[in-house]
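Architecture at a glance
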Amino acid sequence: MEQNDENRAYSIAANMLVNMDKTSYETKQVLLAEGFEDKQIDQIIENINDEIEAATRKQGRKDMIIGGLWCVGGLAVTIATYSASSGGGKFIVAWGAIIFGAIKFFRGLSKVV
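So, here's what we can say about the structure.

The rules we used
Residues numbered from 1 in each chain as written. Predicted model: local features only at pLDDT ≥ 70, side-chain atom pairs only at ≥ 80, totals over all residues. Heavy atoms only, no water. Helix = DSSP H or I, 4+ residues; strand = E, 2+ residues; numbered from the N terminus. Contact = heavy atoms within 4.5 Å. Axes fitted to C-alpha atoms, helices over the stretch in contact; angles between N-to-C directions. Parallel < 35°, antiparallel > 145°, perpendicular 65-115°, else oblique. Left-handed = near helix turned anticlockwise from the far one by under 90°. Nonpolar A, V, L, I, M, F, W, Y, C, P; charged D, E, K, R; others polar.

1. Some thoughts on unusual backbone geometry
The phi dihedral of aspartate 21 is positive, around 55°, even though this residue is not glycine. Following the sequence through the fold, aspartate 21 ends up in the loop between helix H1 (3–19) and helix H2 (24–33).

If you want it as structure tokens, here you go:
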């Protein structure tokens, strides 16, 4: 397969798998119809799926960090204001930040495992 043909096959496969949310089987059928070879198609689809998986894990780790920071920040505000109000004053429960952070953290975790 020439470099231009390989680039075209990668472009078609990436578009179908990422943008059009097509399955590997559907993508392979389109590439076969375009005249690409079976063995090369399998390798292209495998490479793209590996890249998608790596990007998903990377985003998951980022979401875990951001979610963890929000959750810990919310807990810190809650603990700090509670401690400051130990004499009977009012304090802030930053439940929004805690819940948002926990949800984002666990969504990220689901992408990593």
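Moving on, there is more to tell.
2. Re the side chain of threonine 78
Residue position: threonine 78 is located in helix H3 (residues 38–84). Excluding residues that lie within four positions of it along the chain, threonine 78 makes contacts with Ile92, Val93, Ala94 and Ile98.

3. Brief notes about the packing of H3 against helix H4 (residues 95–112)
Two elements in contact, H3 and H4, have axes separated by 7 Å at closest approach and are oriented at 160°. As the angle between them shows, H3 and H4 are arranged roughly antiparallel. Where H3 crosses over H4, the handedness of that crossing is left-handed. Per-class residue counts for the contact of H3 with H4 are 12 nonpolar, 9 polar and 5 charged.

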